[in-house]
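# Observations on the model geometry
What follows is the residue order along each chain.
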Amino acid sequence: MIKVRDLQKFFGSKQVLKDVSCEIKDNEVVCVIGPSGSGKSTFLRCINALETAQGGSIEVDGFSVTSPETDLNKLRAHVGMVFQRFNLFPHKTALENIMLAPMKVKGLSAQEAEAKGQELLARVGLAEKAHSYPNELSGGQQQRVAIARALAMEPQVMLFDEPTSALDPEMVGEVLDVIKSLAHGGKTMVVVTHEMGFARQISDRILFMDQGQIVEQGTPEKIFSSAESERTRTFLSKVLIHR
Amino acid sequence: MFAWFRTDIIIEYWPLFLQGLRTTLILTAIGIFFGTLLGLFLGLGKIAKVERGLWKWPVQLLIRLPSQIYIGFFRGTPLFVQILLIHFALVPLLIHPDDGLLIQGEWALYLKREYGALISGALALSLNSAAYIAEIFRAGIQSIDRGQFEAARSLGLSYFHTMKSIVIPQAFRRMLPPLGNEAITLLKDSSLVSAIGLAELAYAARTAAGAYARYWEPYLFISVLYLIITLAMSFVVHRLEKRYQAA
């Protein structure tokens, strides 16, 4: 589903991604962990071309993301993204947020889009909030609407960029539950997260990134109990010690 | 107390003042309409950018750079000079009975005689206000959180749809106050057009003043008229702000 080869990315003269290569299979759930500034989010944003890579190649669902000839709008319609700060459209209701892209990009009628929107809102447990504006919703509710909005395009791949980092602690659970149910439903997912317990629970595979590179990857059991790299062990001991 | 104020001058020249008021309002309306339209495209043009591919350089050289030059010129030179340049140099080049680039012959002669100063004046004010409005649009668009743009693009929306459905509606609320200011500036600046003989308010006042060698009455009178219109405009903008804030 996703093939990344020798990805290079610079911000100015600073190299933030160095020779990143990996392959993600259909229906695989991959969590990316690592310290802040390790390039996790940049890696994720390269996959749907929100960041332009300077070298290497990315292929998603048959689209060559890195080729200049690719229609990025078409690619992005196949790749859903959920942001750290939700990024709901504040001038539209929850339902309108979800209906917009299916209507404008896929050409669904208003009735079809609304039916789909209502169904998705019910799925994330917010059926009664259809006509609320984002500023009337809690952070957790906003993020669930944002997930529903991305799902409305029926993407082949879902990308999550630290979906719970901007949430109050008591709201983390409700969002993780929605993501978990998606993972069990069998969708290709790449999740950048700091929630180690969650990563361990839902991942088929974990990538550990540090200083712009994938240092180590493997099953959750392997990464959490018998990591090979010293850097992985140091990082995990730092984040797990306070739990 | 106001016995010195000769109302009879205002009354005698009433038709001219009325016609001048009409012309001032028409000029302002045209300037706001075309200035906003052109300003929107210029503002978008000034920040247009294609990261990669075939369109990168054409967009840079044919859209971004000309927009920047246009805005730089019209904001960096006096409106008064622009009016003279447009009336005496640009418009004769475009509309001329013999060799007008746009319109020639009888039609050009008629336009020039009947509407010459109005065309030049309206053109100058529109082109000038477009540059300022472009900056208002640019600032408004850039004030919108980048995450909004990214969220829309990540859903597969095109640049055009993202701007139209997501960015511009949000930016518009923030642009209302500066747009209101620009409309008021435009109304006041329209008085400069009297220099090319267009009979708007300031021209009417100058005519009345010249006939009687009295200056208080005509200029005070049109000052009050300008003031009434600007206050009315402020009021409308204020109401619009309130309405859009609620939404």
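These numbers were taken from a predicted model, which means no experiment stands behind them. Numbering of residues starts from 1 in every chain and runs along the sequence as written. Here the convention is simple: chains get letters from A, ligands get numbers from 1, in the order in which they are written. Per-residue local features of the predicted model are confined to residues with pLDDT of at least 70, and side-chain atom pairs are confined, for both listing and counting, to 80 or more; whole-chain, interface and lining totals are unaffected and use all residues. The basis for the side-chain values is all heavy atoms of the structure; hydrogens and waters are excluded.

### As for the overall build of chain B
Across its full length, chain B carries nine helices and zero strands. Helix and strand labels come from DSSP, where a helix needs a run of H or I of at least four residues and a strand needs a run of E of at least two; each type is numbered from the N terminus. Ordering the α and β elements of chain B from the N terminus gives α-α-α-α-α-α-α-α-α. In terms of principal-axis extent, the alpha carbons of chain B reach across some 70 × 55 × 30 Å. Relative accessibility decides the category of a residue: with a 1.4 Å probe and only protein chains considered, values under 20% of the type maximum give buried, values over 50% give exposed, and everything between is partly exposed. The buried share of chain B, reckoned over its 247 residues, is 43%. In the form shown here, chain B has an accessible surface area of approximately 13400 Å², with 68% of it arising from carbon and sulfur atoms. For this count, His and the chain ends are skipped, Lys and Arg are scored as positive, and Asp and Glu as negative. We put the charge of a Lys on NZ, of an Arg on CZ, of an Asp on CG and of a Glu on CD. The average position of the 22 basic charges and that of the 15 acidic charges among the side chains of chain B differ by 12 Å. To measure how exposed things are, a 1.4 Å probe is used in the Shrake-Rupley method; for residues, cover is taken only from the protein chains shown.

### Section: the side chain of Thr23(B)
Residue and element names in this part refer to chain B. Topologically, threonine 23 is positioned in helix H2 (residues 14-47). Judged by its relative accessible area of 10%, threonine 23 is buried. When checking whether two residues touch, look at their non-hydrogen atoms; a contact exists if any pair is within 4.5 Å. When sequence neighbours within four positions are dropped, the list of residues in contact with threonine 23 reads Leu118, Leu198, Ala199 and Glu200.

### Comments concerning the sheet that holds strand E10 (residues 213-218) of chain A
Residues and elements named next belong to chain A. Any two strands with at least two DSSP-identified bridges between them are counted as paired. Pairing is mixed across the open sheet formed by six strands, whose spatial order is E6-E7-E8-E3-E9-E10. Only two strands of the sheet have a single neighbouring strand rather than two, namely strand E6 (79-82) and E10. Strand after strand, the sheet turns through a mean of 20 degrees between neighbouring axes, direction not considered. As paired elements, strand E9 (residues 205-210) and E10 share five bridges and run antiparallel to each other. Across the sheet, phenylalanine 208 pairs through a bridge with glutamate 216, a residue of E10. Here the axes come from fitting lines to C-alpha atoms, over the contacting stretch only for helices, and the angles between their N-to-C directions go from 0 to 180 degrees.

### Considering the interface of chain A and chain B
How big an interface is tends to be stated in terms of the accessible area lost upon association of its parts. Across the boundary between the two partners, chain A contributes 28 residues, which contact 22 residues of chain B. Buried area counts how much accessible surface, traced with a 1.4 Å probe, disappears from two parts once they are put together, with both parts' losses summed. Summing the contributions of chain A and of chain B, the shared interface buries around 2000 Å²; its carbon and sulfur component is 58%. For this analysis, a salt bridge means a side-chain nitrogen from Lys or Arg found within 4 Å of a carboxyl oxygen belonging to Asp or Glu. Residue Glu150(B) pairs with Arg45(A) through a salt bridge whose shortest N-O separation is 2.7 Å. Polar contacts, as counted here, are pairs of nitrogen or oxygen atoms within 3.5 Å of one another; within protein the pair requires one atom able to donate a hydrogen and one able to accept it, and residues that are adjacent in sequence qualify only if both atoms are side-chain atoms. Seen at the junction of chain A and chain B, the total is five residue pairs in polar contact (both at pLDDT 80 or more). The set of elements that each furnish at least two residues to the side of chain A that touches chain B consists of helix H2 (72-77), E6, helix H3 (94-104) and helix H5 (139-151) of chain A.

### Side note on the packing of helix H4 (residues 79-94) of chain B against helix H5 (residues 105-142) of chain B
All names here are of chain B. Contact pair H4 / H5: the axes reach a minimum separation of 9 Å and the direction vectors enclose 135 degrees. Compared by their axis directions, H4 and H5 come out oblique. The chirality of how H4 crosses H5 is right-handed. Facing Leu79, Gln82, Ile83, Ile86, His87, Leu90, Val91 and Pro92 of H4, the residues of H5 in contact are Lys112, Gly116, Ala117, Ser120, Leu123, Ala124, Leu125, Leu127 and Asn128. In this count, Pro and Cys sit with the nonpolar residues alongside Ala, Val, Leu, Ile, Met, Phe, Trp and Tyr, while Asp, Glu, Lys and Arg are called charged and the others, Gly among them, polar. Among the residues forming the contact of H4 with H5, the class breakdown is eleven nonpolar, five polar and one charged. Put simply, angles under 35 degrees are roughly parallel, angles over 145 are roughly antiparallel, angles from 65 to 115 are roughly perpendicular, and the rest are oblique. Here a crossing is taken to be left-handed if its near helix is turned anticlockwise relative to the far helix by less than a right angle, and right-handed if that turn runs clockwise.

### Side note on the pattern of salt bridges
One pass over the full model with this rule turns up 19 salt bridges over all chains. Among the ionic pairs, Glu154(A) bridges to Lys116(A), the shortest N-O distance being 2.4 Å. With Glu154(A) in the loop between H5 and strand E7 (157-161) and Lys116(A) in helix H4 (residues 110-123), this pair connects stretches of sequence that are 38 residues apart. Take Glu154(A): its relative accessible area is 45%, and that puts it in the partly exposed class. Residue class for Lys116(A) comes out buried when judged on its relative accessible area of 19%. Put simply, Arg75(B) and Glu135(B) hold a salt bridge, and the shortest N to O gap is 3.9 Å. Taken as a pair, Arg75(B) in helix H3 (residues 56-76) and Glu135(B) in helix H5 lie far apart in primary sequence, 60 residues in all. Here the salt bridges do not stand alone but share partners, grouping Lys9(A), Arg45(A), Glu51(A), Arg146(B) and Glu150(B) into one network.

### Some points on helix H7 (residues 159-189) of chain B
An expected span of 1.5 Å times one less than the residue number is assigned to each helix. End to end, H7(B) covers just 36 Å across 31 residues, shorter than the expected 45 Å (1.5 Å per residue, more than 12% under). The sharpest bend along H7(B) comes to roughly 50 degrees, located at Met175(B), with the proline Pro177(B) sitting one to four residues further on. Throughout, the bend at a residue refers to the angle made by two axes, fitted to the seven residues ending there and to the seven starting there.

### Some points on the state of the cysteines
Working definition: the covalent bond between the sulfur atoms of two cysteines is a disulfide. All names here are of chain A. Note on terminology: pairs of cysteine sulfur atoms within 2.5 Å are recorded as disulfides. One pass over the full model with this rule turns up zero disulfides over all chains. With no disulfide of its own, cysteine 31 has cysteine 22 as its nearest cysteine by sulfur position, at a separation of 13 Å. Summary of cysteine pairing: cysteine 46 is not part of a disulfide, and the nearest cysteine sulfur, belonging to cysteine 22, is at 11 Å. Classification of cysteine 46 as buried rests on a relative accessible area of 2%.

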